[in-house]
Amino acid sequence: MKIYVGSQNPTKIESVKSVFPEMEVIGMEVESKVAAQPFSDEETLEGAINRARECASQNKAHIGIGLEGGVMEIEDDLYLCNWGALVDGKENVYTASGARILLPDEIKAGLEKGKELGEVMDEFTDKHDVRKNEGAIGIFTNGVIHREEMFTHVVKLLKGQWSYDQ
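Quick caveat: nothing in here was measured; it's all calculated off a predicted structure.

Asks: Before we go on, may I ask you to explain helix H4 (residues 117–125) in this structure?
Replies: Since the α-helix turns once every 3.6 residues, residues separated by three or four places project in the same direction. Within the sequence span of H4, burial applies to Leu 117, Gly 118, Val 120, Met 121, Asp 122 and Thr 125. At its buried positions, H4 is contacted by strand E4 (77–87), helix H3 (105–112) and helix H5 (135–140).

Here it is as structure tokens:
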């Protein structure tokens, strides 16, 4: 059995490889079918499910995993959020979410102008491809948690639910 991850982003692929070392893990570019910058838990979850379903539908009898990062509001505050979905060969869908941290007002302002978090983070940090490295979580936790580690936690939750049902 193989696992297809709905992304070519190395942090997402490596998070799946670390949780499923016994399986071949393959990244593939699929559409999330949500906004480039999801702005709610619901939209971020929908993107993860869509990615996982697309991977699974193109590769029957294998597992599809979708991992989606987004932001969500509580009152006037904007939080980083992330969701994952696993779709197995029987079309069962498992979902999980992970860490949330408050984003600074400067980041919120950039997102409200229609930019994606990755672009805002690159400008904010004067770095390139923060989303493929430490991520916003890595920047705003001073390197204590990196994006791959954040997604690894979500993938562990997915694997645990899926293995429980086997």
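The structure having been displayed, the exposition proceeds.
Asks: Looking at this structure, I do not really get the environment of Lys 113. What am I missing?
Replies: With respect to the secondary-structure elements, Lys 113 resides in the loop between H3 and H4. Lys 113 sits in the exposed class, given a relative accessible area of 68%. Each C-alpha atom, one on Lys 113 and one on Lys 156, is 34 Å from the other, the two residues being 43 residues apart in sequence.

Asks: Please explain the environment of Ile 101 as it appears in this structure.
Replies: Relative to the elements of secondary structure, Ile 101 occurs in strand E6 (residues 101–102). Residues Ile 101 and Tyr 79, 22 residues apart in the sequence, show an inter-C-alpha distance of 5.3 Å. In contact with Ile 101, not counting residues within four places along its chain, are Leu 78, Tyr 79, Leu 80, Ile 137, Phe 140 and Thr 141.

Asks: What's the story with the side chain of Ser 32 in this structure? I'm lost.
Replies: If you trace the backbone, Ser 32 turns up in the loop between strand E2 (24–27) and helix H2 (41–58). Given a relative accessible area of 8%, Ser 32 falls into the buried group. For Ser 32, the residues in contact, after removing those within four places along its chain, are Glu 46, Gly 47, Asn 50, Arg 51 and Glu 68.

Asks: How do you make sense of the nonpolar core when you look at a structure like this?
Replies: It is characteristic of soluble globular proteins that their nonpolar side chains tend to be buried jointly. Core analysis: the largest hydrophobic core is formed by 33 residues, its most contacted members being Ile 3, Val 16, Phe 20, Ile 65, Leu 80 and Leu 86. In terms of residue count, helix H6 (residues 147–164) provides more of this core than any other element does, six residues in total. With near-sequence residues (within four places) excluded, Leu 80 lies in contact with Gly 70, Ala 99, Arg 100, Ile 101, Leu 103, Leu 117, Ala 136, Ile 137 and Met 150. The next biggest cluster of nonpolar side chains, apart from the first, holds seven residues, and it includes Ile 49, Ala 52, Ala 85 and Val 87.

Asks: Is there a simple way to explain a negative patch on the surface in this structure?
Replies: There is a patch of like negative charges on the surface, built from Glu 73, Glu 75, Asp 76, Asp 77, Asp 105, Glu 106 and Glu 112. Examining the composition of the negative patch, we find that three residues originate from one element, H3, more than from any other. Relative to the elements of secondary structure, Asp 76 occurs in the loop between strand E3 (63–74) and E4. Classification of Asp 76 by relative accessible area gives exposed; the value is 62%.

Cut-offs used in this document
- Residues numbered from 1 in each chain as written.
- Predicted model: local features only at pLDDT ≥ 70, side-chain atom pairs only at ≥ 80, totals over all residues.
- Heavy atoms only, no water.
- Buried < 20%, exposed > 50% of the residue type's maximum accessible area, 1.4 Å probe, protein only.
- Helix = DSSP H or I, 4+ residues; strand = E, 2+ residues; numbered from the N terminus.
- Contact = heavy atoms within 4.5 Å.
- Core = buried A, V, L, I, M, F, W, Y, C linked by side-chain atoms within 4.5 Å.
- Patch = residues over 30% accessible without salt bridge, like charges linked within 9 Å, V, L, I, M, F, W, Y side chains within 5 Å.
- Areas by Shrake-Rupley, 256 points an atom, 1.4 Å probe, with all protein chains shown as cover.
- Salt bridge = Lys/Arg side-chain N within 4 Å of Asp/Glu carboxyl O.
- Lys, Arg positive; Asp, Glu negative; His and termini not counted.
- Charge placed at Lys NZ, Arg CZ, Asp CG, Glu CD.

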